[in-house]
Amino acid sequence: GYIGSFPIPEVVMGINAFTLAARRINPALETRVIWVNSWYDPGREAEAAATLIDQGADIISQHTDSPAPLQVAEERGVYGFGQASDMQAFAPNAQLTAIVDDWGPYYIERCQAILDGTWESHMVWDGLAKGKVVIAPYNPVIPEAVVAAAEAVRTGIIDNTVHPFSGPIHDQAGALRVPEGETIDDEVLAAMDWYVEGVQA
């Protein structure tokens, strides 16, 4: 189950990346999405998580910012992933790990550029490699081999030996969107308006 904030390319990209990674382990996996049309609405996020669990979701992920989905997962005995911050304090048993955004250094850099008169508008793709995104500690219930596999992907993304959007990638309708040996470039990712195979949204 995936709780989406707004159906914009950034969020669609996250849903697709989650689904692609999960289907590499279980090709039959399906990701069901509920949109809450908010970045932060604990009530709606909690309701979406409960609905997804009632529909059979055994993992909850999100692109919303409150810990409510993980709190529901904790109450219902389901695992999940935090978004934007480490939510382990709210769901010590349920959170497997979380994407943690650390934008402080970026804000300082951009503000300094404004003060210096050198600021220019541009696309920013800083992530794991630049430390703007980090992975929260892994839940001890995760087997060591799984943590090692996750770390191999994380370090592969950092050193550019792994790309989350490497082909072959098919869309919801089964059409080949990215052939074997190719990857989706940043410009296309920034305008992503289609779901990969396995997404129910």
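My aim in this report is to walk through the structure given alongside it, one point at a time. (Residues numbered from 1 in each chain as written. Predicted model: local features only at pLDDT ≥ 70, side-chain atom pairs only at ≥ 80, totals over all residues. Heavy atoms only, no water.)

Focus on the overall build of the chain
Link 1 in the chain: If you tally the helices and strands in the chain, you get 6 helices and 9 strands.
Link 2 in the chain: For a compact globule of 201 residues, the expected C-alpha radius of gyration is about 17 Å, and the chain comes in at 17 Å, within 12% of that figure.
Link 3 in the chain: Considered along the principal axes of its C-alpha atoms, the chain spans approximately 55 × 40 × 35 Å.
Link 4 in the chain: Each of the 201 residues in the chain was classed as buried or not, and the buried ones make up 36%.
Link 5 in the chain: Considering only contacts within the chain whose residues lie at least 6 apart along the sequence, 52% involve residues at least 24 apart.
Link 6 in the chain: Both charge centroids of the chain, one from 10 positive and one from 28 negative side chains, sit 2 Å from each other. (Helix = DSSP H or I, 4+ residues; strand = E, 2+ residues; numbered from the N terminus. Rg over C-alpha atoms; globule rule 2.2 N^0.38 Å. Buried < 20%, exposed > 50% of the residue type's maximum accessible area, 1.4 Å probe, protein only. Contact = heavy atoms within 4.5 Å. Lys, Arg positive; Asp, Glu negative; His and termini not counted. Charge placed at Lys NZ, Arg CZ, Asp CG, Glu CD.)

A few points about the side chain of Gln95
Link 1 in the chain: With respect to the element layout, Gln95 can be found in strand β5 (residues 95-101).
Link 2 in the chain: For Gln95, the side chain forms a polar contact with the side chain of Asp86, separated by 2.8 Å.
Link 3 in the chain: With residues near it in sequence (within four places) discarded, Gln95 still touches Leu70, Gly80, Gly82, Asp86, Met87, Gln88, Ala136 and Asn139. (Polar contact = N/O pair within 3.5 Å; in protein donor to acceptor, adjacent residues only side chain to side chain.)

A word on the sheet that holds β5
Link 1 in the chain: If you walk across this open sheet you meet the 7 strands as β6-β5-β4-β3-β1-β2-β9, and the pairing is mixed. The open sheet has two free edges, formed respectively by β6 (133-135) and β9 (199-200), since each of these has just one partner strand.
Link 2 in the chain: In terms of strand pairing, strand β4 (residues 79-84) meets β5 through 5 bridges, oriented parallel. Bridge assignment links Gln83 to a residue of β5, and that residue is Ile99.
Link 3 in the chain: Those strands touched by helix α2 (residues 42-54) are β1 (2-4), β2 (31-35) and β3 (59-62), and its axis lies near 150° from that of β1. (Pairing = 2+ DSSP bridges. Axes fitted to C-alpha atoms, helices over the stretch in contact; angles between N-to-C directions.)

Observations concerning the pattern of salt bridges
Link 1 in the chain: Overall, the coordinates contain 6 salt bridges when judged by the stated rule.
Link 2 in the chain: Where Asp126 meets Lys132, a salt bridge forms, and the shortest distance between an N and an O atom there is 3.5 Å.
Link 3 in the chain: A relative accessible area of 7% places Lys132 in the buried class.
Link 4 in the chain: Residue Arg177 is joined to Asp171 by a salt bridge in which the shortest nitrogen-to-oxygen separation is 2.9 Å.
Link 5 in the chain: Residue classification places Arg177 among the partly exposed positions, given a relative accessible area of 42%.
Link 6 in the chain: Residue class for Asp171 comes out buried when judged on its relative accessible area of 8%.
Link 7 in the chain: In the salt-bridge network here, residues are joined through shared partners; they are Asp126, Lys130 and Lys132. (Salt bridge = Lys/Arg side-chain N within 4 Å of Asp/Glu carboxyl O.)

A short note on a nonpolar patch on the surface
Link 1 in the chain: Side chains of Ile8, Trp39 and Tyr40 sit close together on the surface and give an oily, nonpolar patch of about 300 Å² of accessible area.
Link 2 in the chain: As for its position among the elements, Tyr40 is in the loop between β2 and α2. (Patch = residues over 30% accessible without salt bridge, like charges linked within 9 Å, V, L, I, M, F, W, Y side chains within 5 Å. Areas by Shrake-Rupley, 256 points an atom, 1.4 Å probe, with all protein chains shown as cover.)

Topic: the nonpolar core
Link 1 in the chain: Within the largest apolar cluster, 17 residues are counted, with the highest numbers of intra-cluster contacts made by Ile15, Phe165, Ile169, Ile184 and Met192.
Link 2 in the chain: With 5 residues, helix α1 (residues 9-25) is the largest single contributor of residues to this core.
Link 3 in the chain: With near-sequence residues (within four places) excluded, Met192 lies in contact with Pro9, Val12, Met13, Asn16, Phe165 and Ile184.
Link 4 in the chain: One finds Val72, Ala73, Met87 and Ala94 within the second-largest nonpolar core, a separate group that totals 15 residues. (Core = buried A, V, L, I, M, F, W, Y, C linked by side-chain atoms within 4.5 Å.)

Considerations on the packing of α2 against helix α3 (residues 68-76)
The description of two helices packed together rests on the angle between their axes and the distance between the axes.
Link 1 in the chain: Viewed as axis vectors pointing N to C, α2 and α3 meet at an angle of 40°, and their least axial separation amounts to 7 Å. As judged from the angle between their axes, α2 and α3 are oblique. Pair α2 / α3 crosses with right-handed handedness. When α2 is examined against α3, the residues Pro42, Glu45, Ala46, Ala49, Ala50, Ile53 and Asp54 are found in contact with a partner set consisting of Ala68, Pro69, Val72, Ala73 and Arg76.
Link 2 in the chain: A breakdown of the residues in the contact of α2 with α3 according to their chemical character gives 9 nonpolar, no polar and 3 charged. (Parallel < 35°, antiparallel > 145°, perpendicular 65-115°, else oblique. Left-handed = near helix turned anticlockwise from the far one by under 90°. Nonpolar A, V, L, I, M, F, W, Y, C, P; charged D, E, K, R; others polar.)

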